[in-house]
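# Chains, contacts and geometry: an overview
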Amino acid sequence: MFNLDAIIRENVKRLKPYSSARDEFKGQADVWLDANENPFESGLNRYPDPLAIEVKKAIGKIKKIKPENIFLGNGSDEAIDLLYRAFCEPGKDKALIMPPTYGMYEVSASINDVEIFRVPLTEQFQIDLAVVKGFLNDKSIKLIFICSPNNPTGNLMSVETIKAIAMNFRGLVVVDEAYIDFAPNASLIPLLKQIPNLVILQTFSKAWGMAGIRLGMAFASIEIINILNKIKPPYNINTFTQKMALDQLTDEKAKDSSVTVILRERETLASKLGELPNVKKIYPSDANFILVEFIDPNTVYNSLVESGIIVRNRHSVVNGCLRITVGTPEENERLIEAL
Ligand SMILES: Cc1ncc(COP(=O)(O)O)c(C=O)c1O
């Protein structure tokens with residue numbers, strides 16, 4: 001049922017991509033006079049590898065996927081934007097999201113003049129499959145975004161439901177796994193072999209502790225990755241980011257040990273929050289944050305700000321709720337004291 005060619009925008013199909021100096025000559029040489037760079041060595045005077053191949057090889061080893069199946073973006077936010085640009089005709093095509101969820105799916109759609117259909121999550125914050133099914137035959141819908149674990153609710157989505165949607169949809173199903181390293185379930189990356197219209201997003205901003213370098217990953221079929229590479233800015237991942245990522249990727253243990261601490265702290269924080277009289281409900285979390293319902297969320301939020309502690313006020317998105325990122329043991333202790 002899925003035919004990639006049928007959903008690529010015509011202008012993207014026709015596009016002759018920019019060919020950079022580093023695209024045109026990839027071998028070894030002693031004298032580089034092809035890219036109008038400054039010749040004086042500073043460590044940063046040369047353009048970076050446009051496809052960041054060494055970084056992809058290192059990611060591929062860890063994620064057990066070929067470099068050709070990996071796209072790297074300036075944060076996963078860049079991948080989200082490029083998916084719209086590649087597959088959604090402005091003013092015509094649409095995307096489906098399941099609120100409450102990560103805000104950039106909708107903002108990026110608006111920037112690209114793509115209309116959004118919203119199918120709210122159920123009361124348990126799961127996908128409302130019966131309602132989503134009603135949209136799957138709409139040919140104008142090109143992208144469905146599923147965030148798992150979901151921001152701001154914190155829970156994983158049912159894998160069976162994700163499969164059922166992907167297998168009955170002509171467009172792409174984008175599963176955003178920004179928080180997957182904090183979840184008990186593994187990534188859906190192995191499903192890419194079975195499901196050709198699946199795109200998986202991950203990021204260095206959360207478990208890897210590198211939000212500052214802006215590096216996001218998309219995993220998908222070679223054909224989908226090639227389209228994203230065709231339309232991306234030529235040198236979207238800078239030299240510094242590539243170096244920092246490579247260093248970090250050789251030290252997966254450091255990432256794992258910080259995840260271990262965060263998971264332990266998540267449980268401690270949840271149980272201490274549970275003892276507070278103004279806490280109404282603590283939602284179970286598969287991520288590095290906890291969604292908490294308070295009797296008086298705005299008062300709590302404002303008094304935390306006064307104590308110098310900033311959480312995210314999600315009262316307007318999920319009634320009564322603040323979203324609290326798990327901090328260091330000391331930070332979490334300060335939060336509980338302030339509350
Ligand atoms: C679900 C989700 N996806 C993506 C992102 C953004 O990731 P990046 O920093 O890679 O752009 C966030 C950031 O909060 C997020 O919550």
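Residues numbered from 1 in each chain as written. Predicted model: local features only at pLDDT ≥ 70, side-chain atom pairs only at ≥ 80, totals over all residues. Heavy atoms only, no water.

## Thoughts on the packing of helix α5 (residues 76-87) against helix α9 (residues 222-231)
- Contact geometry for α5 and α9: axes closest at 10 Å, N-to-C directions at 95°. With respect to each other, α5 and α9 are oriented roughly perpendicular. Facing L82, L83, R85, A86 and F87 of α5, the residues of α9 in contact are I227, L228 and I231.
- For the contact of α5 with α9, the per-class residue count stands at seven nonpolar, no polar and one charged. (Axes fitted to C-alpha atoms, helices over the stretch in contact; angles between N-to-C directions. Helix = DSSP H or I, 4+ residues; strand = E, 2+ residues; numbered from the N terminus. Parallel < 35°, antiparallel > 145°, perpendicular 65-115°, else oblique. Contact = heavy atoms within 4.5 Å. Nonpolar A, V, L, I, M, F, W, Y, C, P; charged D, E, K, R; others polar.)

## Topic: the pattern of salt bridges
- Counted by the stated rule, this structure contains 16 salt bridges.
- The salt bridge partner of R22 is D34, with a shortest N-O separation of 2.6 Å. Pair noted here: R22 is in helix α3 (residues 21-24) and D34 is in the loop between α3 and α4 (53-63), with a separation of 12 residues, a long-range link.
- Its relative accessible area of 34% is what places D34 among the partly exposed residues.
- Among the salt bridges present, the one from K280 reaches E293, with a minimum N-O distance of 3.5 Å. Of this pair, K280 sits in strand β8 (residues 279-282) while E293 is found in strand β9 (residues 289-294), placing the two residues 13 residues apart along the sequence. (Salt bridge = Lys/Arg side-chain N within 4 Å of Asp/Glu carboxyl O. Buried < 20%, exposed > 50% of the residue type's maximum accessible area, 1.4 Å probe, protein only.)

## A closer look at the packing of aromatic side chains
- Tallied over the entire structure, the rule returns nine aromatic pairs.
- A centroid spacing of 5.0 Å and a plane angle of 80° characterise the contact between Y179 and F289, whose relative ring orientation is edge-to-face. Highlighted residues: Y179 in the loop between β5 (172-176) and β6 (198-203) and F289 in strand β9, separated in sequence by 110 residues.
- Given a relative accessible area of 7%, Y179 falls into the buried group.
- Relative accessible area serves as the criterion here: at 2%, F289 is assigned to the buried category. (Phe/Tyr/Trp six-rings, centres within 6.5 Å; stacked < 30°, edge-to-face > 60°.)

## Digging into the side chain of S205
- If you trace the backbone, S205 turns up in the loop between β6 and β7 (216-219).
- For S205, a relative accessible area of 17% gives the class buried.
- A polar side-chain atom of S205 sits 3.4 Å from a polar atom in the side chain of R214.
- The contacts of S205, once residues within four sequence positions are left out, are M210, A211 and R214. (Polar contact = N/O pair within 3.5 Å; in protein donor to acceptor, adjacent residues only side chain to side chain.)

## Notes on the packing of α4 against helix α10 (residues 239-249)
- Contact geometry of α4 with α10 gives a least axis separation of 9 Å together with a crossing angle of 25°. When the axes of α4 and α10 are compared, the pair comes out roughly parallel. The two elements α4 and α10 cross, and the hand of that crossing is left-handed. Here E54, V55, A58, I59 and I62 of α4 come into contact with α10, specifically with Q242, A245, L246 and L249.
- Among the residues making up the contact of α4 with α10, the classes are represented as seven nonpolar, one polar and one charged. (Left-handed = near helix turned anticlockwise from the far one by under 90°.)

## Regarding the pairing of β8
- As defined by bridge partners, β8 adjoins β9 across three bridges and the pair is classed as antiparallel. Looking at β9, one finds that K281 is bridged to E293.
- Where β8 hands over to β9, the hairpin turn is made up of six residues, counted between the paired strands. (Pairing = 2+ DSSP bridges.)

## Thoughts on the sheet that holds β5
- The seven strands are arranged β1-β7-β6-β5-β4-β2-β3 in an open sheet whose pairing can be described as mixed. The open sheet has two free edges, formed respectively by β1 (70-73) and β3 (115-118), since each of these has just one partner strand. When strand polarity is set aside, the average angle formed by the axes of neighbouring strands in this sheet is 25°.
- One ladder, built from five bridges, connects strand β4 (residues 141-147) with β5; its direction is parallel. Note on β5: the bridge partner recorded for C147 is D176.
- Packed on one face of the sheet, helix α6 (residues 104-111) meets β2 (94-97), β3, β4 and β5 and runs near 150° to β3.
- Running over the sheet, α9 touches β1, β5, β6 and β7 and is turned about 25° from β1.

Structural measurements only, silent on function.
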